[in-house]
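Summary of the model geometry
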Amino acid sequence: MNIIQADHLKKSFGPVTAVDDVSLAVKEGEIFGFLGPNGAGKTTTIRMLTGVLTPDTGTVQINNIDIQRHPLDAKMQMGVIPESSTVYLDLSVEQNLQLSGKMYGMSRALREERITELLSRMGLQDRRRSPVRTLSKGLKQRVSVACAIIHCPRILFLDEPTSGLDVQSRRLVIDIIRHMNEQGSTIFLTTHNIEEANELCERVGIINKGKIVAQDSPVQLKKMFDTTQSVEVSFDHKVTRELFATAEITRIEPCGDRWRFYTNNPDHVVKYLAELAKAESLTITSITTSGPSLEEAFVQITECA
Amino acid sequence: MMEVPLLFRGIVVITGKDMRLYYTKPPVLMFGLLFPLFMFFAFFVGRHLDLVTFFPAFLAMMLFFTSSSVGPLITPWEKREKTYERLLSYPLTIESIILGDVLAGVIFGIGITFIVWVASSFFFHVPVAYAAMLVLAFFLGTLSCAALGALLASPASDSPPNVMIFSNLVRFPLIFISGIFVPLQEMQGWGQVLAYCSPLTYLVDLFNASFSGSSAFSPIADCVVLIAVIIGFILVARFIQVRNMIRGL
């Protein structure tokens, strides 16, 4: 059963078409990743799916409820974590959670129970009465996540939830996403972090210039580009990009103290690098080959589009 | 479908949030509380005016400033703090957000003005001709002024200072053309035409009718105009807010 069903969504701002004929379906209990470069239309799409924006054309069904015709019933099913930590800075952590619970019509007893549970899970017990203004960005995002899930929503929308967070907060947010999904919630996640999408999502949709250009599982998307593999190498001396010149390498990028080469023929590139090292009196300190990555699939799909 | 109870619950929750967050914000205290008091002192103190005669107009001015000072601040403040988007994603309609903001203005206006009225009674006695009409004047007055506040906030992006300046540009001229400092009967030509266009004129007139029993218009006409103003302001505020929804998100 599709718990999110969007058909032919279109949204323009003046002469700019931000989202153009986007259709997507997310199954109940799924973690769906929504990827795209900056300005591709991810946030506009998520705003239409959550009822914040009204599409120019097209429909959105949330659990078979038309969000334009019955916005309140549809919004009761969902929790939303917008891109920035949107909580009230002048209120305490507890007051923010109380307010969020009231918005969803929770009884006082249920609110108290959930607040205690969430503060514990989010590691915020000690900051219960602290004004949110005094918290770090990571802790603010935890409060934002807690506000969105206080009513145990069937669907959780997250817009770049781990962007700019420290490692601990990022891991906590990911754990919460997994936990919510295990409890039966459907997750709709937009992210820039391709590895995060690869790690978490059962299916991903890729949007570019307002249009959906691919929609499949990460494995299937990677298979579309299974001819593109990579070789990573590091030398004992620093070398420059100009040193590498062979027609078999389609793209070169530095990765810390290593170089990554994208190629359709890794055997040839490995041999080439060995010969190059010998000729330049370099020692190869490590060399690895990898299969196609979701990141490569993402780059290829968005560049082709 | 549970839309109607959700709508009303939304209004109550929004009002509670606004009361907790915005009543103590400096622009609200400045323009909602201190400013009308300063205006009173500037125009009445040391001028040997009959305070009993001018009290209804002063009370109307107080009600006007207090009730319309909360609304203009809320939406731009929420947009600046990036809480407006989350608000829109809650099970709330734009109507419940606007009506919640209006109700917060109403409670602030009635609360402050009532305190001023009670405090004033200690110093001089102002007879009330029609108590029920005074209650109605308070009710319609705060609603119309709070609705004006919500309307002034609706074209906002994310800059509270800009909206406060804009709202004062609208509010200040109104107090000079609405029979507060110059009685309506003494106005001439264009002054009187402008007075007829100001909703505050009808509020001052209704207060005059409540306190002294004499008024320029029929109290029923005052009430009808104020009800029309309340509905009109809220509908226009809704229209503009929906049109400007994306600005400042």
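The rules behind these values
- Residues numbered from 1 in each chain as written.
- Chains lettered and ligands numbered in written order.
- Predicted model: local features only at pLDDT ≥ 70, side-chain atom pairs only at ≥ 80, totals over all residues.
- Contact = placed C-beta atoms within 7 Å.
- Helix = DSSP H or I, 4+ residues; strand = E, 2+ residues; numbered from the N terminus.
- Nonpolar A, V, L, I, M, F, W, Y, C, P; charged D, E, K, R; others polar.
- Axes fitted to C-alpha atoms, helices over the stretch in contact; angles between N-to-C directions.
- Parallel < 35°, antiparallel > 145°, perpendicular 65-115°, else oblique.
- Left-handed = near helix turned anticlockwise from the far one by under 90°.
- Domains from an automatic or database assignment.
- Pairing = 2+ DSSP bridges.

Okay, the interface of chain B and chain A next. Contacts between the two partners involve 21 residues from chain B and, on the opposite side, 23 residues from chain A. Secondary-structure elements contributing two or more residues to the side of chain B that touches chain A are helix H1 (3-22) and helix H4 (84-89) of chain B. When residues in the side of chain B that touches chain A are grouped by element, the largest group, 6 residues, is from H1(B). The residue makeup of the side of chain B that touches chain A, split by class, is 11 nonpolar, 3 polar and 7 charged.

What follows concerns the packing of helix H5 (residues 94-123) of chain B against helix H10 (residues 219-243) of chain B. Residue and element names in this part refer to chain B. Where H5 contacts H10, the two axes come as close as 10 Å, and the packing angle between them is 125 degrees. As summarised for this structure, H5 and H10 are arranged oblique, according to the angle between their axes. Read as a crossing pair, H5 and H10 show a hand that is right-handed. Along the contact surface, H5 presents Ile94, Glu95, Ile98 and Val102, while H10 presents Ile234, Ala237, Arg238, Gln241 and Val242. Looking at side-chain class alone, the contact of H5 with H10 contains 6 nonpolar, 1 polar and 2 charged residues.

Right, let's talk about the domain arrangement of chain A for a bit. All names here are of chain A. According to the domain assignment, chain A consists of domain 1 (2-217) and domain 2 (223-304). Centre-to-centre separation of domain 1 and domain 2, based on C-alpha positions: 37 Å. Listed by partner, the interface residues are 9 residues for domain 1 and 5 residues for domain 2. Elements with a minimum of two residues in the side of domain 1 that touches domain 2: helix H7 (194-200), strand E9 (203-208) and strand E10 (211-216). No other element matches the 3 residues that H7 contributes to the side of domain 1 that touches domain 2. Its residues assigned to classes, the side of domain 1 that touches domain 2 comprises 7 nonpolar, 2 polar and no charged.

Turning to the sheet that holds E10(A), a few remarks are in order. Residues and elements named next belong to chain A. Overall, mixed pairing links the 6 strands, which are arranged E6-E7-E8-E3-E9-E10 in an open sheet. At either margin of the open sheet sits one strand with a lone partner, and together these are strand E6 (78-81) and E10. Looking at each pair of strands side by side, their axes are set apart by 15 degrees on average, direction ignored. The sheet strands contacting helix H1 (residues 42-49) are strand E3 (31-35), strand E7 (155-159), strand E8 (186-191) and E9, and the helix crosses E7 at an angle near 155 degrees. Along the sheet, helix H5 (residues 137-149) contacts E6 and E7; its crossing angle with E6, the most-contacted strand, is approximately 165 degrees.

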